[in-house]
There are 2 protein chains.
Amino acid sequence: MSEQELPVEELARAARAASRVMATAATDQKNAVLRCLKEKLEARRAEIIEANEADMRAAAENSVAANLVKRLSFNSAKIDSRIRSLEKIAALPDPVGSVISSRQCENGMAAARVRVPLGVIFMVYEARPHVTVNAGSFCLKSGNACILRGGSEARRCNTVLGRLWRESLEAAGLPEDAVQVIAGSHEEVEALLQEDELIDLVIPRGGEKLIHSVTEKSKIPVLKHFAGVCHVYIDADADPAAAIEIALDSKCLMPAVCNAMETVVVHAGFAPHLPALVEAFRSQGVEVRGCEGVRKAVPDVIPAMEEDWTAEYLDLIVSIRMVPDTAAAIDHINTYGSHHTDTIVTRAGAAAAEQFTSEVDSGVVLVNASTMFCDGESLGMGAEIGISTDKIHARGPMGLEELTSYKFVIQGNGHTMGDYSEAHKEEAAS
Amino acid sequence: MSEQELPVEELARAARAASRVMATAATDQKNAVLRCLKEKLEARRAEIIEANEADMRAAAENSVAANLVKRLSFNSAKIDSRIRSLEKIAALPDPVGSVISSRQCENGMAAARVRVPLGVIFMVYEARPHVTVNAGSFCLKSGNACILRGGSEARRCNTVLGRLWRESLEAAGLPEDAVQVIAGSHEEVEALLQEDELIDLVIPRGGEKLIHSVTEKSKIPVLKHFAGVCHVYIDADADPAAAIEIALDSKCLMPAVCNAMETVVVHAGFAPHLPALVEAFRSQGVEVRGCEGVRKAVPDVIPAMEEDWTAEYLDLIVSIRMVPDTAAAIDHINTYGSHHTDTIVTRAGAAAAEQFTSEVDSGVVLVNASTMFCDGESLGMGAEIGISTDKIHARGPMGLEELTSYKFVIQGNGHTMGDYSEAHKEEAAS
């Protein structure tokens, strides 16, 4: 955060001006910023941790919930993790200027679709100071300028990180305003959301309330990262051991992330293996809730209510629903799920896999793999800035390319359209 | 338009239900709808023209401006043009299911990014009944359901076209609600713009006022087709004859379309050729306005005011601005233009061309070619549904692919993330 923060419109203008320079900045220069920041995270570790600890103390004193205080932590291990990630992002290919597609036109012109940055990205997020490093590096490497507004609880730590961003940009000879870390009151955030001439995209990250409120108020396009109500569907002929392993991994490895699984949908033909599945969950401390069909197979399962099918527990709780066939499973997932990440476990080569991947309307659909693989790393992005639940622009895990737009570049040789037929003119004008 | 129109939420729900079927409809079945509609446009030509003529009479009686009445026309020639375009769209490749990219992961999983429809598209447009055919066919061929709300002046003609859409969908065995043509009051349009769970994208086409009003009211993402303040920049060493031809073609061929040129920016070194350029414009009936520099070279040019640089004349008027170098030209274009379509005319292989295409922040940038080539046909889309001035999702001319999203399809073999290192877990959770 700049020591004296600019008025809202001025800071948006500064971001726009910086974005013009960033759009054509050399890859080496952008990487130099990332590596400089990396060194500063190392060299100024004590200062960062001190600020973060002050934030955490203040949060605890203000009776902020314990799990939120935990998310606020930016300790030495987390700093190490960011240092590794900065090196990784510096090593990724620069998406700017890459040719998405090209063609030679019949009339002799050459046309190419070339990747360009979006311009100015405004991130609004809660607590978690590591986003200040992560989102900033994604925006910068993809040639964008950004305005980063973290939670007020992380104010002290973000102030330090904002200063390090400025110092690193300056050291590399790029505009300091390319990454602006701001505190910004709610009123200022709302005012920024009106600057659709100066800001190109808003990415809110946090609870559903934050995202809804940003979407409602914004005149700027919003890329949403909503909840994940993710499923594992176990087909009748699935290998029971593999099915149970995938279900456990999807639920228990990181229960609090958005691609953790919340509901197992099982084919009635899998019923004989339900006791083993329930037992496996319980051995990991998972509370199991089930529909009537499931309770027939395992009577001591807690009855699931209608609201269980739409619940994002983010906790060691799972609901299980029994269905007569794959079509019913797909229908359940498309109706109650959040179109995020869903898996089918089935026999290799089964027709159900094809039906599932084609009909389940989710950003990531998997066959015989854990929902944990909804992950930028696994999908070749090297890393990810988030997981979009939108269909517009980017869907699923977002890497560097997902923060770009494109332009058409056409090379002619004195070409005019006038030679074209009247029919074409009429067509084009109609 | 359905004979009795459904309440807003019901028609959005019907569109969502239809979109589920359309998403996996076979290419042949979708093409059958287009060809059936084509036959119906032929067979029911008299009925369509009669309805259109009634609309035009009513508009004239209601003192609608003459140019708007003209835009309302859907005469026999325009019907022929739509018939050709339906055949063309039927012949285009189906974007749904095509693999955008794929990779083999180190862990043995295969991951692909596969094109899927967006879902439900809501088009809001003014007058022009041909959009009812054109937008409907693009949405349908790309596997989307759509709600088409044309101008109230075109109500009678659109009612007939809506009926033909329903009949064609039914004949091909696809849901009739896949293309719903509605009249819809302003209140109903506003209510539809709140249905972000049922509608995926809104495309307003028409005047700036319409687009602003839709953007302001919509909870759904909006893809904007704003004005084109397009430029031809003539470099010092441009071939004078080619430069004049490109400038004339860009201005005069179709002055009322969004990619028609409004301002010529000339390098001071081109000044000796300014009299010829002005003369050429005047010989085509174009009124010429110029900055002081231009008026020094051609004294009888009308002085251009500041507002001329941002004007979208859409008429036989042109403004000319003199600049000292390419950087100043780019600055003028990025500052006053609308980031739509801009051309540089320069010597083949000139460094200025590279600078121009890289630094001008527009959807389409051309070298030595008329702005008329901002055109889906020229860019290999076969045809276009419109020209986006957004950077989010689609930019520039939009064809079928631009009406799609994607999903990641991952094929595993019992893969779980649990085997991964603790470092990875920490990374992912942070």
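Treat the numbers as computed from the prediction; the structure is a model and nothing was measured. (Residues numbered from 1 in each chain as written. Chains lettered and ligands numbered in written order. Predicted model: local features only at pLDDT ≥ 70, side-chain atom pairs only at ≥ 80, totals over all residues. Heavy atoms only, no water.)

1. Describing the overall build of chain A
Each helix and strand counted, chain A has 15 helices and 16 strands in total. Dimensions of chain A, computed from C-alpha atoms along their principal axes, come out at roughly 70 × 70 × 35 Å. Evaluated residue by residue, chain A yields a buried proportion of 59% over its 430 residues. Counting only contacts in chain A whose residues sit at least 6 apart along the sequence, the fraction spanning at least 24 positions is 73%. Carbon and sulfur atoms form 50% of the exposed surface of chain A, whose accessible area is close to 15,900 Å². Separation between the mean location of the 42 positive side-chain charges and that of the 62 negative ones in chain A comes to 4 Å. (Helix = DSSP H or I, 4+ residues; strand = E, 2+ residues; numbered from the N terminus. Buried < 20%, exposed > 50% of the residue type's maximum accessible area, 1.4 Å probe, protein only. Contact = heavy atoms within 4.5 Å. Areas by Shrake-Rupley, 256 points an atom, 1.4 Å probe, with all protein chains shown as cover. Lys, Arg positive; Asp, Glu negative; His and termini not counted. Charge placed at Lys NZ, Arg CZ, Asp CG, Glu CD.)

2. Brief notes about helix α2 (residues 27-43) of chain A
Compared with an ideal rise of 1.5 Å per residue, which puts 17 residues at 24 Å, α2 of chain A spans 24 Å between its outermost C-alpha atoms and is within 8% of the ideal. If you check which residues of α2 of chain A are buried, you get K30, N31, V33, L34, C36, L37, K40 and L41 of chain A. (Expected span 1.5 Å × (residues − 1).)

3. Quick notes on the pattern of salt bridges
Residues and elements named next belong to chain A. For the structure shown, the criterion picks out 54 salt bridges over all chains. The closest approach of N and O atoms between R166 and D177, which form a salt bridge, is 2.8 Å. Of the two residues, R166 is situated in helix α7 (residues 155-171) and D177 in the loop between α7 and β5 (179-182); the sequence distance between them amounts to 11 residues. R166 gets classed as buried once you look at its relative accessible area, which sits at 16%. Residue D177 is classed as partly exposed on the basis of its relative accessible area, which comes to 22%. Salt-bridge contacts for E287 lead to R289; the nearest nitrogen and oxygen are separated by 2.8 Å. Connected via shared salt-bridge partners are K40, R44, E47, R163 and E167. (Salt bridge = Lys/Arg side-chain N within 4 Å of Asp/Glu carboxyl O.)

4. Considering the interface of chain B and chain A
Chain B puts 85 residues into the contact, and the matching count from chain A is 85 residues. Seen at the junction of chain B and chain A, the total is 2 salt bridges. One salt bridge in this structure joins R113 of chain B and E402 of chain A, with 2.7 Å as the shortest N-O distance. In this structure, the connection of chain B to chain A is made through 39 residue pairs in polar contact (both at pLDDT 80 or more). Counting residues per element, the side of chain B that touches chain A draws most heavily on strand β16 (residues 404-415) of chain B, which supplies 11 residues. A class-by-class count of the residues in the side of chain B that touches chain A yields 34 nonpolar, 28 polar and 23 charged. For strand β16 (residues 404-415) of chain A and strand β13 (residues 364-369) of chain B, the ladder comprises 5 bridges, and the chain directions are parallel. When the bridges of β13 of chain B are listed, H415 of chain A appears paired with A369 of chain B. (Polar contact = N/O pair within 3.5 Å; in protein donor to acceptor, adjacent residues only side chain to side chain. Nonpolar A, V, L, I, M, F, W, Y, C, P; charged D, E, K, R; others polar. Pairing = 2+ DSSP bridges.)

5. Brief notes about the side chain of S168 of chain B
Residue and element names in this part refer to chain B. Position of S168 relative to the elements: it lies in helix α7 (residues 155-171). At 3.4 Å, the side chain of S168 and the backbone nitrogen of L37 are in polar contact. Leave out the neighbours within four places in its chain, and S168 touches V33, C36, L37 and K40.

6. Observations regarding the relation of the copies chain B and chain A
Each of the two chain copies can be generated from the other by rotation about an axis followed by a shift along it. Once chain B is rotated about the relating axis by 180° and shifted along it by 0.0 Å, it coincides with chain A to within an RMSD of 0.0 Å. Here the two chains are linked by the operation of a two-fold rotation axis. If distances are taken from each C-alpha of chain B to the rotation axis, the shortest is found for H393 of chain B, at 1.9 Å. The overlap is high: 100% of the interface residues of chain B also sit at the interface in chain A, so the same surface is used on both sides. (Least-squares fit on C-alpha atoms with pLDDT ≥ 70 in both.)

7. A closer look at the sheet that holds strand β4 (residues 145-149) of chain A
All names here are of chain A. Taken in spatial order, the 4 strands of this open sheet run β5-β4-β3-β6, and their pairing is parallel. At either end of the open sheet lies a strand with only one pairing partner, and these are β5 and β6 (201-205). Across the sheet, the mean angle separating the axes of adjacent strands is 15° when strand polarity is ignored. Sheet analysis places β4 next to β5, joined by 4 bridges and oriented parallel. When the sheet's bridge partners are listed, I147 is paired in β5 with Q180. Packed on one face of the sheet, helix α9 (residues 208-217) meets β3 (120-125) and β6 and runs near 160° to β6. (Axes fitted to C-alpha atoms, helices over the stretch in contact; angles between N-to-C directions.)

8. Quick look at the packing of helix α2 (residues 27-43) of chain B against helix α5 (residues 76-91) of chain B
Residues and elements named next belong to chain B. In the contact formed by α2 and α5, the axes pass within 9 Å of each other and the chain directions differ by 165°. In this view, α2 runs roughly antiparallel relative to α5, as classed from their interaxial angle. As for how α2 packs across α5, the hand of that crossing is left-handed. Between α2, through N31, L34, R35, L37, K38, L41 and E42, and α5, the contact on the second element is made entirely by I79, R82, I83, L86, E87, I89, A90 and A91. (Parallel < 35°, antiparallel > 145°, perpendicular 65-115°, else oblique. Left-handed = near helix turned anticlockwise from the far one by under 90°.)

9. Description of the sheet that holds strand β11 (residues 317-323) of chain A
Strands sit in the order β10(A)-β9(A)-β11(A)-β8(A)-β7(A)-β12(A)-β13(A)-β16(B)-β2(B)-β1(B) across an open sheet of 10 strands; the sheet is mixed. In this open sheet, the two strands that pair with only one neighbour each are β10 (302-303) of chain A together with β1 (99-104) of chain B. For strand β8 (residues 261-267) of chain A and β11 of chain A, the ladder comprises 5 bridges, and the chain directions are parallel. Along β11 of chain A, the bridge assignment pairs V266 of chain A with M322 of chain A.

10. Details of the environment of N334 of chain B
Note on placement: N334 of chain B falls in helix α13 (residues 326-336). Look past the residues within four positions of N334 of chain B in its chain and what remains in contact with it is R20 of chain A together with H339, E359, V360 and D361 of chain B.

11. Considering the packing of helix α6 (residues 130-141) of chain A against α7 of chain A
The axes of two packed helices give the description: the angle between them and the distance between them. All names here are of chain A. Orientation of α6 relative to α7, taken along the N-to-C sense of each, is 30°, at an axis distance of 10 Å. If you check the angle between α6 and α7, you find them roughly parallel. Two packed elements cross with a definite hand, and for α6 against α7 that hand is right-handed. Facing α6, whose interface residues are T132, V133, G136, S137 and L140, α7 presents N158, L161, W165 and L169. For the contact of α6 with α7, a count of residues per class yields 5 nonpolar, 4 polar and no charged.

12. Examining the confidence of the model for chain A
In low-pLDDT segments, the atomic positions of the prediction should not be examined closely. All names here are of chain A. Per-residue pLDDT for chain A has a mean of 93; in total, 96% of the residues score no lower than 70. Ignoring residues within four places in sequence, the model shows residues 420-430, a span with pLDDT below 50, making 23 contacts including any to other chains. Two summary scores accompany this predicted model of the complex, namely pTM at 0.93 and ipTM at 0.93. (pLDDT = per-residue confidence, 0-100.)

13. Some thoughts on unusual backbone geometry
Residue and element names in this part refer to chain A. The phi dihedral of L314 falls on the positive side, at around 50°, and the residue is not glycine. Structurally, L314 can be placed in the loop between β10 and β11. Classification of L314 as partly exposed rests on a relative accessible area of 34%. Backbone geometry at H393 places phi at a positive 70°, although glycine is not the residue there.

14. Comments concerning the environment of R115 of chain A
Residues and elements named next belong to chain A. Relative to the helices and strands, R115 is located in strand β2 (residues 110-117). Looking at R115, the relative accessible area reads 15%, which means it is buried. Along the primary structure R115 and G136 are separated by 21 residues, whereas in three dimensions their C-alpha atoms are 19 Å apart. Discounting residues that sit within four places of it in the chain, R115 has contacts with P95, V96, G97, S98, I100, E401, T404, S405 and Y406. Side chain to side chain, R115 and T404 meet in a polar contact 3.1 Å long.

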